Amino acid sequence: MTSLLVIIVLVLLAVALWQLTKIFDLTQVGSSSDSSQVANDKDNNIQGYLMFGFLAFLYVFTIYGLLAWGNLPLHTPASEHGTEVDRLMNITWVLIFTVQAITQVLLHYFAFKYKGKKDQKALYFADNNKLEALWSIIPAITLAGLILYGLYAWTNIMFVDEDEDTIVIELYAQQFKWTARLAGEDNVLGKANVRYIEGVNALGVDLADPNAQDDIVVSELHIPKGKKVLFKFRSQDVLHSAYFPHFRAQMNCVPGMVTEFAFTPTYTTAEYRELPYMIEKVAHINELRAKQSVELIAKGLPGLDPYTFDYLLLCNKICGSSHYNMQMKVVVDTPEDYKKWLADKTTLVNEVKASLEKPADDASGEAKSNDTLAAAANEVAVK
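Residues numbered from 1 in each chain as written. Predicted model: local features only at pLDDT ≥ 70, side-chain atom pairs only at ≥ 80, totals over all residues. Heavy atoms only, no water.

Draft legend 1. Region of interest: empty space enclosed by the protein. Tallied over the entire structure, the rule returns one cavity of 30 Å³ or more. Computed from the structure, the largest cavity encloses a volume of approximately 30 Å³. Going through the elements one at a time, α4 (129–158) and β8 (259–263) are the ones with two or more residues in the lining of the largest cavity. The element contributing the most residues to the lining of the largest cavity is β8, with three residues. Within the lining of the largest cavity, the residues separate by chemical class into six nonpolar, no polar and one charged. (1 Å grid on protein atoms, 1.4 Å probe; cavity = no way out; pocket = protein on both sides within 12 Å on 5 of 7 lines; lining within 4 Å. Points joined across faces, edges and corners; volume = space filled by probe spheres on them. Helix = DSSP H or I, 4+ residues; strand = E, 2+ residues; numbered from the N terminus. Nonpolar A, V, L, I, M, F, W, Y, C, P; charged D, E, K, R; others polar.)

Draft legend 2. Examining the UniProt feature "transmembrane region" (unreviewed entry) in the protein more closely. In the UniProt entry, the feature "transmembrane region" (unreviewed entry) is given for residues 6–27, 48–70, 90–112 and 133–154. Helix makes up 96% of residues 48–70 and strand 0%. Its end C-alpha atoms lie 32 Å apart. (UniProt positions renumbered as here; feature names shortened; annotations may be inferred.)

Draft legend 3. Seen up close, the environment of Gly226. On the secondary structure map, Gly226 appears in the loop between β4 (221–224) and β5 (229–235). Those residues within four positions of Gly226 in sequence are excluded, and the remaining contacts are Thr264 and Pro265. (Contact = heavy atoms within 4.5 Å.)

Draft legend 4. Up close: a nonpolar patch on the surface. A cluster of nonpolar side chains, contributed by Tyr49, Phe52, Ile102, Leu106, Tyr109, Phe110 and Tyr114, occupies part of the molecular surface with about 730 Å² of accessible area. Going through the elements one at a time, α2 (41–69) and α3 (82–113) are the ones with two or more residues in the nonpolar patch. For the nonpolar patch, the element with the highest residue contribution is α3, accounting for four residues. Structurally, Phe110 is set in helix α3. Given a relative accessible area of 39%, Phe110 falls into the partly exposed group. (Patch = residues over 30% accessible without salt bridge, like charges linked within 9 Å, V, L, I, M, F, W, Y side chains within 5 Å. Areas by Shrake-Rupley, 256 points an atom, 1.4 Å probe, with all protein chains shown as cover. Salt bridge = Lys/Arg side-chain N within 4 Å of Asp/Glu carboxyl O. Buried < 20%, exposed > 50% of the residue type's maximum accessible area, 1.4 Å probe, protein only.)

Draft legend 5. Fine view of the layout of surface pockets. Taken as a whole, the largest pocket holds about 610 Å³ of empty space. Broken down by secondary-structure element, the contributors of at least two residues to the lining of the largest pocket are α3, α4 and β7 (249–253). By residue number, the principal contributor to the lining of the largest pocket is α3, which donates six residues. Its residues assigned to classes, the lining of the largest pocket comprises 13 nonpolar, four polar and two charged.

Draft legend 6. Representation of the pairing of β7 in the model. Burial along β7 is one-sided: Ala249, Met251 and Cys253 are buried, while Gln250 and Asn252, pointing the other way, are not. The pairing of strand β6 (residues 240–244) with β7 spans five bridges and is antiparallel. Each bridged residue has a counterpart across the sheet, and for His240 the counterpart in β7 is Cys253. What sits between β6 and β7 in their antiparallel hairpin is a turn of four residues, with Arg248 showing a positive phi close to 55°. (Pairing = 2+ DSSP bridges.)

Draft legend 7. Here's a closer look at the pattern of salt bridges. For the structure on display, the rule yields twelve salt bridges. Ionic pairing is found between Lys225 and Glu271, a salt bridge with its closest N-O pair at 3.1 Å. With a gap of 46 residues between them, Lys225 in the loop between β4 and β5 and Glu271 in helix α5 (residues 269–273) connect regions that are remote in the sequence. A relative accessible area of 30% places Lys225 in the partly exposed class. A single salt-bridge network, built from bridges that share partners, covers Glu170, Arg181, Asp215 and Arg234.

Draft legend 8. Main features of the packing of α2 against α3. The geometry of α2 relative to α3 is characterised by a closest axis approach of 7 Å and an angle of 160° between their N-to-C directions. On the basis of the axis angle, α2 is roughly antiparallel to α3. Two packed elements cross with a definite hand, and for α2 against α3 that hand is left-handed. Counted together, Gly48, Tyr49, Met51, Phe52, Phe54, Leu55, Leu58, Tyr59, Thr62 and Leu66 of α2 and Phe97, Gln100, Ala101, Gln104, Val105, His108, Tyr109, Ala111 and Phe112 of α3 form the full contact between these two elements. (Axes fitted to C-alpha atoms, helices over the stretch in contact; angles between N-to-C directions. Parallel < 35°, antiparallel > 145°, perpendicular 65-115°, else oblique. Left-handed = near helix turned anticlockwise from the far one by under 90°.)

Draft legend 9. Representation of the sheet that holds strand β2 (residues 177–182) within the structure. Here we have five strands laid out as an open sheet, ordered β3-β2-β1-β5-β8, and mixed in their pairing. Both outer strands of the open sheet, β3 (216–218) and β8, are each paired with one neighbouring strand and no more. Each neighbouring strand pair of the sheet contributes to a mean axis angle of 25°, computed without reference to strand direction. Looking at chain direction, strand β1 (residues 167–174) and β2 are connected through six bridges and run antiparallel. By the bridge assignment, Leu171 is partnered in β2 with Ala180. Contacts from helix α7 (residues 335–343) reach β1, β2 and β3 within the one sheet, and its direction differs from that of β2 by about 95°.

Put into structure tokens, the structure is as follows:
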């Protein structure tokens, strides 16, 4: 209702302004003012100065934006290839700002210098081969350099040697959550298909596949520092995009396809929390949360908990109504802590077997629905 009232008020204001302009035009009837639609020298001077005014506004706002929001972009990358991504991004930004600064100043300056004057005619020429070559060759060389450098960086980032020692992890996307499957001791993921999705086996893993016997499914991902991790992505429903902002990694998750991305973490979660910029950022966030908690408590609502930094896996594609909440906590451990965490995990096969060993008073219908899983588990036991 409030939105409707606001729209009505705005419409009425627009009508009122339109009527005021009509009244103003009526008051000018019979006056000696110039009613010609052709701009005179005074008009051209005003437009020229307005161009300079807009140029000043453009650069004042740009400088203000850099000072006010310059601390918001991501800071220190937490992966080996992250520095390469940041370097490419910084080169691009510097080129954009340099070209923008030069071209906008020239554009507005020439608009003022060569503004219209009475009895002055503009110089006309059909073409200028030197100028056309200049503004074609220079951008072409610049863009070619950026593209080639980008391709070189992307190739280095995406290259994974078959003989390289990596940890293989699958990330399974579905509306609106992430699930991780670790390849286990053999470092080979078992086959999977949506037709196998049933009960505990929410990822559709083929439990009869020998490579699936040590697969581990978790909802909170742990990875070791200094070890390359090869992620394989699947999607159950719609197009998602796995985005690790602090690791400078992103890859689309496409239904019916398996995509992949690899990176090597360089900071554990504990180490990244101790970086000076992160300490300052967390303190600022908690200061804001504390102020908001006071307002919430005054209204009889619970306050906000203090914020603690964690790496996150986000979805960077608008995949539905709860897209904003599709995230998974990622913990980077030391190699020793990672092994301890992994040792406490139960394999998917054992989870399936445990789910089938239910009390006899469970509904028979539910037991029948697990026939397929039981057959697969029995087949594994025989092997």
